[in-house]
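Single-letter residue listing:
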Amino acid sequence: MYENMKSATLTFLVLLSLVLTWQIWTFQPDYALLKDTDYVNNPHLNEERKLSEVIVPEQVIFHVDDEHFLLNNNEILYSQFNEQWLTSRIEDISMMSTLTMNQILDESIELIFPAAIPGDIFLSMFTDVNEDISMPLSKVDRVFIYPNPETDKIHYGVISNNENRFADIETSFSVNDFEEKFLAEVERLINVFGYQVGPEQGQWSKIVYLPEETITVETISYTITPVSVDVFKQLLFNDPFSAKFFRQENGEETYTDGNRLINIINNGVFMDYINPIYSENPERGSRNVILSSIDFINGHGGWTDQYVLYDWVSNEVREEANFRLMLNGFPVISMDGFDVMSLYVFRTGNQTSRYIRPLFDLDQQPIDYARTGVDLPSGHDVIEELEKREYFDLSRLEKVAIGYEMKKWNAFVTVEPNWYIYYDQTWQKVPFDVTNEREVEDYGLE
């Protein structure tokens, strides 16, 4: 009897072992259960950009015979010019004690940047610079590209408004190209006039250029592609698979890996990533916040659409960089009334502590049948409108510009042009009673 029980038990164990072995061999995991943790690839987030692609002038002005002309940066001529001035060899740099603006304004191309560029970063934008050359200015606001009769070469007059200083750069830019490829094209550009903004500073006063006549700018519509937050969970969290989801009382969504947060705000249209830095007195980063911010975006998903450096701050209180969306050569100033269409990167010490960006990407080509032209008032009309205001103070005016207001409807957006001023550190739309719209066949500036 005992021997029969042992045999039965042994037989059962052998059969059980065979069954378990078969199940191990034939096991297929249920990948549907892992759906939320699969790697998410988004083709719209993979483009890295160079410094010279992100730092670009907001205005390119041709000065010829006491007249001034605007080259929109959406034109082919701008691309050709931009490549040539950045690839020309930097041969020598010297400081100038005085600058006769009238001489330069007779024949030159002026570049005006949206924010002052640190001198060393400005120099690093060029592809061919002698190793012994260094930039003597701490910041660069404007550049005048002009022929120097003494050297028979093209020089770059580099100006720092805040320092009231001027550096002269000798280059290999071809004088013939300057004259024949670029200045010879002024007749097809927009005629503009100079207008001083901010406090009076003599020849160093800040000048913006406004169109002499009514100007036609497109209203454009795009379809958009959402960018999945899962992409940023994988890029920004140490352990994205353990991230937890919370819905706040106001309806906004939050993901956290226990330390970092991603808040989905404005009904899912924007992302606000927060990386808390707990040190009371973090040591400031050694690199400029512009460079660290560009590197951060390049390394965390890359760029979507045409964002360019528009402003930056670096002091004891805060460090941040703002990269604004550009469309058709104009900045997108507002979205549904708010100045939000930018990539914002904040730094604390050596670490990026916050990153705010839209969670959608504009499709490459606009919707053709939805393109119309808007006739905007001339620059003279804008100034007249501003000076009619009882409490208008010119010293508090920093910029006057054409910009876009974006409106979003589900899967597409429309951008409409308006005149804006940057006044008291805030963008404001300039109101006019009448705005005429008409269709334009060439879909560009007239």
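### Describing the pairing of strand β13 (residues 261-265)
And step 1. Burial runs high along β13: 4 of the 5 residues are buried.
And step 2. Pairing geometry for strand β12 (residues 253-256) and β13, over 4 bridges, is antiparallel. Within β13, the position partnered with T254 by the bridge is N263.
And step 3. In textbook terms, the turn of a hairpin is the stretch between consecutive antiparallel strands, and for β12 and β13 this stretch comprises 4 residues, one of which, G258, has a positive phi near 100 degrees.
And step 4. Here 5 bridges tie β13 to strand β14 (residues 270-274), and the two strands are oriented antiparallel to one another.

### Side note on helix α9 (residues 379-387)
And step 1. Within α9 the residues assigned to the buried category are G379, V382, I383 and L386. Angularly, the buried residues of α9 cover 95 degrees about the axis, an arc narrow enough to put them on a single face.
And step 2. Turning to α9, the residues buried within the fold contact β8 (190-197), β9 (206-211), β22 (397-409) and β23 (412-423).

### Concerning the pairing of strand β17 (residues 330-335)
And step 1. Most of β17 sits inside the fold, with 6 of its 6 residues counted as buried.
And step 2. As defined by bridge partners, strand β16 (residues 319-327) adjoins β17 across 2 bridges and the pair is classed as antiparallel. Note that in β17 the partner of L327 across the bridge is F330.
And step 3. Hairpin connection, β16 to β17: the antiparallel pair is bridged by 2 residues, and N328 has positive phi, about 55 degrees.
And step 4. Pairing of β17 with β22, which is carried by 3 bridges, proceeds in the parallel orientation. Bridged to S334 within β22 is E405.

### Here we look at the pattern of salt bridges
And step 1. For the coordinates displayed, the defined rule picks out 21 salt bridges.
And step 2. Between E319 and R347 there is a salt bridge, with the nearest N and O atoms lying 2.9 Å from each other. Here R347 lies in strand β18 (residues 342-348) and E319 lies in strand β16, a separation of 28 residues in the sequence. Neither E319 nor R347 differs from the other in exposure class; each is buried.
And step 3. The residue R396 makes a salt bridge to D424 at a minimum N-O spacing of 2.5 Å. Of this pair, R396 sits in the loop between α9 and β22 while D424 sits in the loop between β23 and β24 (426-429); the two residues are 28 residues apart in sequence, bridging distant segments of the chain.
And step 4. The exposure class of R396 is partly exposed, given its relative accessible area of 36%.
And step 5. The class for D424 is partly exposed, based on a relative accessible area of 37%.
And step 6. Taken together, the salt bridges that share partners define one network made up of E75, E185 and R188.

### What to know about the confidence of the model for the protein chain
And step 1. For the protein chain, the mean per-residue pLDDT works out to 85, and 83% of the residues sit at or above 70.
And step 2. Across residues 24-40 the pLDDT falls below 50, and counting only partners more than four positions away or on other chains, this stretch makes 7 contacts in the model.
And step 3. The low-confidence segment residues 434-446 (pLDDT under 50) makes 33 contacts with residues lying over four places distant or belonging to another chain.

### Here's the deal with helix α7 (residues 229-236)
And step 1. When α7 is considered as a whole, its buried residues turn out to be V229, V231, F232, K233 and L236.
And step 2. On the buried face of α7, the contacting elements are β12, β13, β14, α8 (289-299) and β19 (351-358).
And step 3. The N-capping residue of α7, defined by a side-chain oxygen 3.1 Å from the backbone nitrogen of D230, is S228.

### What about the nonpolar core?
And step 1. Judged by nonpolar contacts, the single largest core of 114 residues is most densely connected at W85, F122, Y156, F323 and M406.
And step 2. Every residue in contact with F122, bar those within four places of it in the chain, is listed here: W85, F113, I117, M135, V140, V143, V158 and I169.
And step 3. Counting residues in hydrophobic clusters, the runner-up holds 6 residues, among them I333, A401, Y420 and Y422.

### So, unusual backbone geometry
And step 1. The phi dihedral of D152 is positive, around 55 degrees, even though this residue is not glycine.
And step 2. Mapped onto the elements, D152 comes out in the loop between β5 (139-148) and β6 (153-160).
And step 3. What makes D152 exposed here is its relative accessible area of 61%.
And step 4. The phi dihedral of N410 falls on the positive side, at around 50 degrees, and the residue is not glycine.
And step 5. Within the secondary structure, N410 is located in the loop between β22 and β23.

### Digging into the sheet that holds strand β3 (residues 90-96)
And step 1. Sheet architecture is open: 9 strands sit in the order β3-β7-β6-β5-β4-β1-β2-β8-β9, paired in antiparallel fashion. Among the strands making up the open sheet, the edge pair consists of β3 and β9. Strand-to-strand, the axes of this sheet are offset by a mean angle of 30 degrees, without reference to chain direction.
And step 2. The pairing of β6 with strand β7 (residues 165-171) spans 6 bridges and is antiparallel. Paired with I159 across the bridge in β7 is F166.

### As for the environment of F122
And step 1. Here F122 lies in helix α5 (residues 119-124).
And step 2. Along the sequence, F122 and S138 sit 16 residues apart, while their C-alpha atoms lie 9.7 Å from each other.

Criteria and cut-off values
- Residues numbered from 1 in each chain as written.
- Predicted model: local features only at pLDDT ≥ 70, side-chain atom pairs only at ≥ 80, totals over all residues.
- Heavy atoms only, no water.
- Buried < 20%, exposed > 50% of the residue type's maximum accessible area, 1.4 Å probe, protein only.
- Helix = DSSP H or I, 4+ residues; strand = E, 2+ residues; numbered from the N terminus.
- Pairing = 2+ DSSP bridges.
- Arc of directions from axis to C-beta.
- Contact = heavy atoms within 4.5 Å.
- Salt bridge = Lys/Arg side-chain N within 4 Å of Asp/Glu carboxyl O.
- pLDDT = per-residue confidence, 0-100.
- Polar contact = N/O pair within 3.5 Å; in protein donor to acceptor, adjacent residues only side chain to side chain.
- Core = buried A, V, L, I, M, F, W, Y, C linked by side-chain atoms within 4.5 Å.
- Axes fitted to C-alpha atoms, helices over the stretch in contact; angles between N-to-C directions.

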